[in-house]
Amino acid sequence: MHELGVTFHIMDHLEKVAAGNQVSHIHAVTLELGEVSTVIESYLQDCWAWASKKRPLFQESKLIVESLPAITYCEDCKQTYPTVEHGKICPYCKSEHTYLLQGNEFNIKEIEVE
């Protein structure tokens, strides 16, 4: 489970941002999480709940996750399609000349502070 490491990485980064901006408490963090990012949201939520109790800046903070769908683009027919449903093969022209447009993101979108 790499979600604990991801949680620590987010918190470490936000602690630096908070220190540079005289923030004493973070109430909520909103993340954008791509559908194929390899991060499992339920594990991330569990790790956040546990880790937030250990760090004063995050006491009782909430983690909000916005899911971004995985979308693939076909270079041959110029269509987009849902990646998880169809994989690498374009459902329109059956081409393998495709690439992921979105869906593997992992971004800190918003921070609600005191």
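Residues numbered from 1 in each chain as written. Predicted model: local features only at pLDDT ≥ 70, side-chain atom pairs only at ≥ 80, totals over all residues. Heavy atoms only, no water.

Draft legend 1. Molecular detail of unusual backbone geometry. Even without being glycine, Gln-22 reaches a positive phi, approximately 55°. What makes Gln-22 exposed here is its relative accessible area of 70%. Non-glycine residue Thr-38 carries a positive phi angle of around 75°. Positionally, Thr-38 belongs in the loop between β1 (26-34) and α2 (41-52). By relative accessible area, which is 61% here, Thr-38 ends up exposed. (Buried < 20%, exposed > 50% of the residue type's maximum accessible area, 1.4 Å probe, protein only. Helix = DSSP H or I, 4+ residues; strand = E, 2+ residues; numbered from the N terminus.)

Draft legend 2. Representation of the sheet that holds β1 in the model. Strand order in this open sheet of three strands is β2-β1-β6, and the pairing throughout is mixed. Two strands in the sheet have a free side with no partner beyond their single neighbour: β2 (62-68) and β6 (106-113). Strand-to-strand, the axes of this sheet are offset by a mean angle of 20°, without reference to chain direction. Summarising the sheet, β1 and β2 pair through seven bridges and their orientation is parallel. By the bridge assignment for β2, Thr-30 is matched with Ile-64. (Pairing = 2+ DSSP bridges. Axes fitted to C-alpha atoms, helices over the stretch in contact; angles between N-to-C directions.)

Note that all results are geometric; they support no functional claim without further evidence.
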